[in-house]
Amino acid sequence: MATTPITPTPLVVNVASADILDADGTVATTPADGWVIAAPLGRDTDLLLKFLVDATGDTVTVVAGDRPPSQRTGLGNLAIVMAVSDVKYIIVEKSRFLQDDGTFLVTCTDTGTTCRAFTIPKAQ
């Protein structure tokens, strides 16, 4: 597979992030293979994905994980239909989408879609 790797940007509770352009993101080298995203470390950290679509629209798919570790993989993939120039955010559930190599896999159908990943710690 020609997946495009993404390393999530860590966000910190009660601390403003660095300047992040809204249009910033990574285009998948091969949309059908998509992006492979490193899973956040620890049980108390979530993964937030942001997708930005160009002027053609797209369908982004978060691929169901392997069992184990994903106990809810039976719920299947999650397809997100996006309109022209649409932006969508999703917090990804580890128990449904985590792959056995510790990553998440996301695919799309259009070459103009970008993905940006963030880790979000749960506030204590």
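Before going into details, it helps to say that this report is about the structure given with it.

Procedures and definitions
- Residues numbered from 1 in each chain as written.
- Predicted model: local features only at pLDDT ≥ 70, side-chain atom pairs only at ≥ 80, totals over all residues.
- Heavy atoms only, no water.
- Helix = DSSP H or I, 4+ residues; strand = E, 2+ residues; numbered from the N terminus.
- Contact = heavy atoms within 4.5 Å.
- Disulfide = S-S within 2.5 Å.
- Buried < 20%, exposed > 50% of the residue type's maximum accessible area, 1.4 Å probe, protein only.
- Salt bridge = Lys/Arg side-chain N within 4 Å of Asp/Glu carboxyl O.
- Pairing = 2+ DSSP bridges.
- Core = buried A, V, L, I, M, F, W, Y, C linked by side-chain atoms within 4.5 Å.

Digging into the side chain of serine 70
In this fold, serine 70 is placed in the loop between β6 (58–62) and β7 (78–82). Those residues within four positions of serine 70 in sequence are excluded, and the remaining contacts are Gly65, Lys94, Ser95, Arg96, Phe97 and Leu98.

Digging into the state of the cysteines
A full pass over the atoms with the stated rule returns 0 disulfides. There is no disulfide at cysteine 108, and the cysteine sulfur nearest it, in cysteine 115, is 8.9 Å away. On the basis of relative accessible area, cysteine 115 is assigned to the buried category, the value being 1%.

Structural notes on the pattern of salt bridges
Enumeration according to the criterion identifies 4 salt bridges in this entry. Taking the shortest distance from any N to any O, the salt bridge between arginine 72 and glutamate 93 comes out at 2.5 Å. Here arginine 72, found in the loop between β6 and β7, pairs with glutamate 93, found in the loop between β8 (87–92) and α1 (94–97); they are 21 residues apart in sequence, far enough to count as distant. Taking relative accessible area as the criterion, arginine 72 reaches 40% and is therefore assigned partly exposed.

Comments concerning the pairing of β6
Among the 5 residues that make up β6, 4 are buried, leaving the element largely enclosed by the rest of the structure. Here 5 bridges tie β6 to β7, and the two strands are oriented antiparallel to one another. Each residue of the ladder has a partner; that of valine 62, found in β7, is leucine 78. Relative to strand β9 (residues 103–107), β6 runs antiparallel, the two sharing 2 bridges. Bridge pairing in β9 links threonine 61 to threonine 107.

Section: the nonpolar core
Of all hydrophobic cores here, the largest spans 22 residues; its most connected members are Trp35, Ile37, Leu49, Phe51, Val92, Phe104 and Val106. For this core, the secondary-structure elements that each account for two or more residues are β4 (35–38), β5 (45–52), β6, β7, β8, β9 and β10 (114–121). Counting residues per element, this core draws most heavily on β5, at 3 residues. Setting aside its immediate chain neighbours within four residues, valine 92 contacts Leu47, Leu49, Val62, Phe97 and Phe104.

Examining unusual backbone geometry
What you tend to see is this: most non-glycine residues have negative phi, and most peptide bonds are trans. Here the bond from arginine 67 into proline 68 is cis, since omega is -10 degrees, no more than 30 degrees from zero. As for its position among the elements, proline 68 is in the loop between β6 and β7. In this structure, the amide linkage connecting proline 68 to the following residue, proline 69, adopts the cis form with an omega of 15 degrees. Residue placement: proline 69 occurs in the loop between β6 and β7. Residues other than glycine seldom take positive phi values, yet asparagine 14 does so here, at roughly 65 degrees. Following the sequence through the fold, asparagine 14 ends up in the loop between β2 (9–10) and β3 (26–27). Taking the relative accessible area as the measure of exposure, asparagine 14 reaches 79% and is therefore exposed. The phi angle at serine 85 is positive, at roughly 55 degrees, despite the residue not being glycine. Within the secondary structure, serine 85 is located in the loop between β7 and β8.

Take it as geometry only, folks, not as evidence of what the structure does.
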